[in-house]
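# Residue-level structural notes
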Amino acid sequence: MQLLREVGFDFGGTINDRQAREDAGFKMNVELLKEFKEKHGHTNVKKNNGKSLENFCQSMRYSYSQRQRGILKTHTKLTDERIQWLREIGFDFAGSINK
């Protein structure tokens, strides 16, 4: 609950906007990843460290690799802004995407 508050999740109202929900979820995962990095010194999350966070990292790496190869989908969730947020915390985009 604390992480949801920190990323600005609105508990008082209904969020009908899909993008707002996705942004809140992304920000929450970034916060969890920051905590993970502070504890472990890296962003290479394994399944035994948290399946949900590991899935998030793999998804970000896959989407980034697709963008790098010029395979952009109009509905991609990995925006330039999100890439910047991940870079700011030292996210390892080159980590394995096939674990």
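Residues numbered from 1 in each chain as written. Predicted model: local features only at pLDDT ≥ 70, side-chain atom pairs only at ≥ 80, totals over all residues. Heavy atoms only, no water.

Think of a pair of aromatic rings as described by two things: how far the centres are apart, and how the planes are tilted against each other in angle. Counted under the stated rule, the structure contains four aromatic pairs. Summarising the aromatic geometry, the rings of Phe91 and Phe93 are spaced 4.9 Å apart at their centres and angled 85° between planes, so their arrangement reads as edge-to-face. Taken together, the aromatic side chains of Phe26, Phe56 and Trp85 make up a single cluster linked through ring pairs. Taking the ring centre of Phe26 as reference, the NZ or CZ of Arg82 above it sits at 4.5 Å. (Phe/Tyr/Trp six-rings, centres within 6.5 Å; stacked < 30°, edge-to-face > 60°. Lys NZ or Arg CZ within 6 Å of the ring centre and 35° of its normal.)

Scanning all chains against the criterion turns up four salt bridges. Its salt-bridge partner being Asp80, residue Arg67 comes within 2.4 Å of it at the nearest N-O pair. Here the residue Arg67 occupies a position in helix H3 (residues 51-68), and Asp80 occupies one in helix H4 (residues 80-88), the gap between them amounting to 13 residues. Using a relative accessible area of 23% as the deciding quantity, one classes Arg67 as partly exposed. Look at Asp80 and you get exposed, because its relative accessible area is 56%. (Salt bridge = Lys/Arg side-chain N within 4 Å of Asp/Glu carboxyl O. Helix = DSSP H or I, 4+ residues; strand = E, 2+ residues; numbered from the N terminus. Buried < 20%, exposed > 50% of the residue type's maximum accessible area, 1.4 Å probe, protein only.)

Another aspect to go through is H4. Residues of H4 that are buried: Arg82, Ile83 and Leu86. Burial along H4 is one-sided: seen end-on, the buried residues are contained in an arc of 105°. Facing away from the buried side of H4 by more than 90 degrees, the exposed set consists of Asp80, Glu81 and Glu88. Here the buried face of H4 lies against helix H2 (18-40) and H3. (Arc of directions from axis to C-beta. Contact = heavy atoms within 4.5 Å.)

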